[in-house]
Amino acid sequence: VLVGCQTRERSVLRTLSVPVITSHNTARLNVFLTLEEKQGPAMQLVINDLEALIDDLWLPLSAEKLSLDSTELCHGQVLLGGVAVPPGQYRGLRMTVSEGMVRTSSGQNPITLAKPQRIEVSSAKGLDLELGDSKTLLVTWDVESSLTSSNTLSPIFFVTSALRNLPVNLIFAVCPEINTVFVVRADKNWVVDSFGLTGRPTYLGIEPSARPARFYALTADEKMVKVIDSSSFRVIDSYPTLNDEATFMAITPDGDWAYLVHEQSGYLSRMNLRTGQIDPRVKLGKQPNYAVYLQDQRLLAVSLGLDQTVLLLDPVSLRVVRRISTGSNP
């Protein structure tokens, strides 16, 4: 159930207008903040409330005060809020800035916020949130323009769309507990996009030779390997991983095969990523937990935690070629 607390000075939404949110009928909205320019006044803000307008309803995105310092943000990015929300169209962002200060170079007579300000930022395009989506809003703080010509403080923010097709290397970070994959710029370590992936995704592999590239995601709760189109972030196929939960997945560089580790049952499975067929499947030992395909040796290495062993396997027959004792839990 979504619960919101509002002060007496603000209008109170009727209880019936607040949607009931469960794990089965939600999307997710993530909001990240960066600076417009790295150089600018040293400014501090305290934000009491951060809300998003979904259809015609303002929903809280943060449960506590947010403290922003432009000097700490000059080379970074901060998460303002991320929560489950009902599907719908995002139309705007609203925040209440309760405190603000600009530190002058001399340190004397700092400029402060005259009174709390409620700031609304609209989105020209809007953002459609479908069931199971996990999308990201990028908010930019224009620190330079927030200090007016009359030497008063008036914070200015604007919203930009998620950035795709960047000419930089990207990192894809899987977050199982919120069913989200974040897309991160490797040159700046900034989140630039995200997409939702139901079923608690635990591992993500890529087939770079495909055009467009394909992702393969192991989802623990749904016991599936999902095939994802990297250009649209849409699931285009799903393959079951048998009844026992697969806990790790390794993919061959050509994207033909996936090796699924089943830690509790002790099994290793090989899946054909073109058809979804699993063949063969072998029992290795106690607590297999990690696998890696060794391309130069054309071998598959699998670690067994409780057996204190690393196995080298033939990647086709899954026959054990060599055992390496580690002396401790690998």
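Given the structure is predicted, the values throughout are model-derived calculations rather than measurements.

### A few points about the overall build of the protein
Piece 1. The helix and strand inventory of the protein stands at 2 helices and 25 strands.
Piece 2. Its C-alpha atoms give the protein principal-axis dimensions of roughly 75 × 50 × 40 Å.
Piece 3. Counting over 330 residues, the protein shows a buried share of 43%.
Piece 4. A fraction of 51% describes how many contacts in the protein between residues 6 or more apart in sequence connect residues 24 or more apart.
Piece 5. Looking at the protein as shown, the accessible area adds up to about 17500 Å², and 49% of this sits on carbon and sulfur atoms.
Piece 6. For the protein, the separation between the mean place of its 31 positive charges and that of its 34 negative charges on side chains is 3 Å.

### Brief notes about the environment of S328
Piece 1. When you line up the elements, S328 lands in the segment after β25 (320-325).
Piece 2. As a C-alpha pair, S328 and D128 span 200 residues in sequence and 50 Å in three-dimensional space.

### A closer look at the sheet that holds strand β12 (residues 180-185)
Piece 1. On the basis of which strands lie adjacent, the open sheet formed by 3 strands has the order β11-β12-β13 and antiparallel pairing. Since the sheet does not close on itself, it has two edges, and those belong to β11 (170-175) and β13 (190-196), each with one partner. For this sheet the average axis-to-axis angle between neighbouring strands, irrespective of direction, equals 25°.
Piece 2. Summarising the sheet, β12 and β13 pair through 6 bridges and their orientation is antiparallel. Following the sheet pairing, F182 is matched in β13 by S194.

### Description of the pattern of salt bridges
Close approach of charged atoms lets side chains of opposite charge pair.
Piece 1. Applying the stated rule across the entire model yields 12 salt bridges.
Piece 2. Salt-bridge contacts for E207 lead to R274; the nearest nitrogen and oxygen are separated by 2.9 Å. One end of the pair, E207, is in strand β14 (residues 201-207); the other, R274, is in the loop between β20 (267-272) and β21 (278-283), and 67 residues separate them in sequence.
Piece 3. Assessed through its relative accessible area of 5%, E207 is described here as buried.

### Side note on the pairing of β21
Piece 1. Summarising the sheet, β20 and β21 pair through 4 bridges and their orientation is antiparallel. Bridged to S269 within β21 is R281.
Piece 2. Between the end of β20 and the start of β21, which pair antiparallel, lie 5 residues, with G276 showing a positive phi angle near 85°.

### As for the nonpolar core
Piece 1. Counting residues in hydrophobic clusters, the biggest one holds 38 residues, and the most contacted among them are L29, L33, Y90, L93, W141 and F157.
Piece 2. At 6 residues, the largest contribution of residues to this core is made by strand β2 (residues 42-54).
Piece 3. In contact with Y90, not counting residues within four places along its chain, are L29, A52, L53, I54, V121, S123, G126, L127, L137 and V159.
Piece 4. By size, the runner-up hydrophobic cluster in this structure holds 13 residues, among which are F248, L268, L284 and A291.

### Digging into the sheet that holds strand β24 (residues 309-313)
Piece 1. Strand order in this open sheet of 4 strands is β22-β23-β24-β25, and the pairing throughout is antiparallel. Both outer strands of the open sheet, β22 (288-294) and β25, are each paired with one neighbouring strand and no more. Strand-to-strand, the axes of this sheet are offset by a mean angle of 20°, without reference to chain direction.
Piece 2. Note: strand β23 (residues 299-304) against β24, 5 bridges, orientation antiparallel. The residue of β24 that forms the bridge with L304 is T309.

### Considering unusual backbone geometry
Piece 1. For the bond from D279 to P280, the omega torsion is 0°, close enough to zero to count as cis.
Piece 2. Mapped onto the fold, P280 is located in strand β21.
Piece 3. We note that N151 has phi near 65°; this positive angle belongs to a residue other than glycine.
Piece 4. Tracing the backbone through its elements, the reader meets N151 in the loop between α2 (143-146) and β10 (157-160).
Piece 5. Here F233, not a glycine, exhibits a phi torsion of approximately 60°, which is positive.
Piece 6. In this structure, F233 sits in the loop between β16 (224-229) and β17 (234-240).

### Quick look at the environment of T71
Piece 1. As for its placement among the helices and strands, T71 is situated in helix α1 (residues 70-73).
Piece 2. By relative accessible area, which is 40% here, T71 ends up partly exposed.
Piece 3. When the C-alpha positions of T71 and P41 are compared, they lie 8.4 Å apart, and in sequence the two are 30 residues distant.
Piece 4. When near neighbours in sequence (up to four residues on either side) are disregarded, T71 contacts A42 and R103.
Piece 5. Within the local environment of T71, its side chain forms a polar contact with the side chain of D69, the two groups lying 2.6 Å apart.

### Let's talk about the environment of V316
Piece 1. The topology assignment puts V316 in the loop between β24 and β25.
Piece 2. Looking at V316, the relative accessible area reads 53%, which means it is exposed.
Piece 3. Each C-alpha atom, one on V316 and one on S70, is 55 Å from the other, the two residues being 246 residues apart in sequence.

Each value, and the rule that gives it
Residues numbered from 1 in each chain as written. Predicted model: local features only at pLDDT ≥ 70, side-chain atom pairs only at ≥ 80, totals over all residues. Heavy atoms only, no water. Helix = DSSP H or I, 4+ residues; strand = E, 2+ residues; numbered from the N terminus. Buried < 20%, exposed > 50% of the residue type's maximum accessible area, 1.4 Å probe, protein only. Contact = heavy atoms within 4.5 Å. Areas by Shrake-Rupley, 256 points an atom, 1.4 Å probe, with all protein chains shown as cover. Lys, Arg positive; Asp, Glu negative; His and termini not counted. Charge placed at Lys NZ, Arg CZ, Asp CG, Glu CD. Pairing = 2+ DSSP bridges. Axes fitted to C-alpha atoms, helices over the stretch in contact; angles between N-to-C directions. Salt bridge = Lys/Arg side-chain N within 4 Å of Asp/Glu carboxyl O. Core = buried A, V, L, I, M, F, W, Y, C linked by side-chain atoms within 4.5 Å. Polar contact = N/O pair within 3.5 Å; in protein donor to acceptor, adjacent residues only side chain to side chain.

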